[in-house]
Amino acid sequence: MAPRYYTVTWDQLHRDSKALAWRLLERGPWQGIVAITRGGLIPAAIIARELDCRLIESVSIITYDWEKRGNPHVAKPPVAAGDGTGWLILDDLVDTGTTARIIRGLLPKAHFATVYAKPAGKPVVDTFITEVSQDTWILFPWDTEPQFIAPIAKSAAK
Ligand SMILES: O=P(O)(O)OC[C@H]1O[C@H](OP(=O)(O)OP(=O)(O)O)[C@H](O)[C@@H]1O
Ligand code: HPA
Ligand SMILES: [Mg+2]
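In this text, all values refer to a predicted model and were calculated from it rather than measured experimentally. (Residues numbered from 1 in each chain as written. Chains lettered and ligands numbered in written order. Predicted model: local features only at pLDDT ≥ 70, side-chain atom pairs only at ≥ 80, totals over all residues.)

Asks: Help me understand unusual backbone geometry in this model?
Replies: Excluding glycine, residues mostly have negative phi values, and the peptide bonds linking residues are mostly trans. Residue Pro29 is reached from Gly28 by a cis peptide bond, and omega for that bond is 5°. Each neighbour pair has its own omega, and for Thr37 with Arg38 the value is -5°, a cis peptide bond. Its location among the elements puts Arg38 in the loop between strand E2 (32-37) and helix H2 (41-51). With phi around 55°, Asp52 is a residue other than glycine that occupies positive phi space. Note on placement: Asp52 falls in the loop between H2 and strand E3 (56-65). (Helix = DSSP H or I, 4+ residues; strand = E, 2+ residues; numbered from the N terminus.)

Below, the structure written as structure tokens:
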């Protein structure tokens, strides 16, 4: 288990993805978007809407089984983006940078952007919005649900 968690709500993810879209607008125009499944799909949908981009390619790179990192495996390479010239690659976050390095190898000329970044991944991402510390695990809204939490007075008394 990670020492600390950073919980991201749907509202916050929407706001942060729109903030990323503003930054990326200045860097365009874009031929199309490459979404890294699965985590990149929702930021990619939000940003595609803001940038008025309708051409979406997907790449499937499997690196983690929950918090456990394994050997990265490209389950689906890009087919439509050439060497990446003019294309925008989107993922939810960059952590160790492993996934980013693989996608950069596949699409060396593309611009790589994420909503969140940890320090080890910053050198391999071109644009991001929010940085969290390396020992923080980001909990995305699709991994959580609202639930009862004990009042502070009760939990502090233990
Ligand atoms: O910088 P890294 O250390 O490579 O970590 C970042 C990657 O890990 C997560 O994907 P994951 O492999 O968990 O797959 P998922 O998107 O399908 O959940 C996340 O969505 C990034 O793609
Ligand atoms: O902090 C994280 N949160 C969710 N998925 C991840 N995959 C790598 N790091 C993370
Ligand atoms: Mg992913």
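Asks: Where do I start with the sheet that holds E3 in this structure?
Replies: The pairing of strands in a sheet comes from backbone hydrogen bonds and takes either a parallel or an antiparallel form. Within the open sheet, the six strands sit side by side as E4-E3-E2-E5-E6-E7. Their pairing is mixed. Lying at the two open borders of the sheet, with one neighbouring strand each, are strand E4 (68-76) and strand E7 (130-131). Of the pairings in the sheet, the one linking E2 to strand E5 (residues 87-94) comprises four bridges and is parallel in character. When the sheet's bridge partners are listed, Gly32 is paired in E5 with Trp87. (Pairing = 2+ DSSP bridges.)

Asks: Looking at this structure, how should I read the pairing of strand E6 (residues 111-117)?
Replies: Looking along a regular strand, one sees side chains alternate from face to face of the sheet. E6 sits mainly inside the fold: seven of its seven residues count as buried. When E5 meets E6, the two strands line up parallel, connected through six bridges. Looking at the pairing, Val94 lines up with Ala117 of E6. Running through helix H3 (residues 98-106), the crossover from E5 to the neighbouring parallel element E6 is right-handed. (Buried ≥ 20, exposed ≤ 12 C-beta atoms within 10 Å, placed from the backbone. Right-handed = clockwise from strand over helix to strand, strands pointing away.)

Asks: Could you clarify how one ought to interpret the environment of Ala80 in this entry?
Replies: As for its position among the elements, Ala80 is in the loop between E4 and E5. When the 12 C-beta atoms within 10 Å are taken as the criterion, Ala80 is described as exposed. Separated by 67 residues in the primary sequence, Ala80 and Leu13 have C-alpha atoms spaced 28 Å apart.

Asks: Mind showing me how you'd approach the packing of helix H1 (residues 10-27) against H2 here?
Replies: Each pair of packed helices gets described by two things: the angle between the helix axes and the distance between those axes. Between H1 and H2, the least distance of the axes is 9 Å, while the angle of their chain directions is 50°. In terms of their interaxial angle, H1 and H2 are classed as oblique. Seen along the crossing, H1 lies across H2 with a hand that is right-handed. Residue-level contacts link Leu13, His14, Ser17, Lys18, Leu20, Ala21, Leu24 and Leu25 of H1 to Ile42, Pro43, Ile46, Ile47, Glu50 and Leu51 of H2. Classifying every residue of the contact of H1 with H2 gives ten nonpolar, two polar and two charged. (Axes fitted to C-alpha atoms, helices over the stretch in contact; angles between N-to-C directions. Parallel < 35°, antiparallel > 145°, perpendicular 65-115°, else oblique. Left-handed = near helix turned anticlockwise from the far one by under 90°. Contact = placed C-beta atoms within 7 Å. Nonpolar A, V, L, I, M, F, W, Y, C, P; charged D, E, K, R; others polar.)

Asks: Hey, could you run me through H1 in this one?
Replies: An α-helical turn contains 3.6 residues, so any two residues separated by three or four positions project in the same direction. Look at H1: 26 Å from first C-alpha to last across 18 residues, which is about the 26 Å you get at 1.5 Å a residue. Of the residues making up H1, those classed as buried are Ser17, Leu20, Ala21 and Leu24. Across the axial projection of H1, the buried residues extend over an arc of 115°, all falling on one side. Residues Asp11, Trp22 and Glu26 are exposed on H1 and point more than 90 degrees away from its buried face. Contacts from the buried residues of H1 go to H2, E5 and E6. (Expected span 1.5 Å × (residues − 1). Arc of directions from axis to C-beta.)

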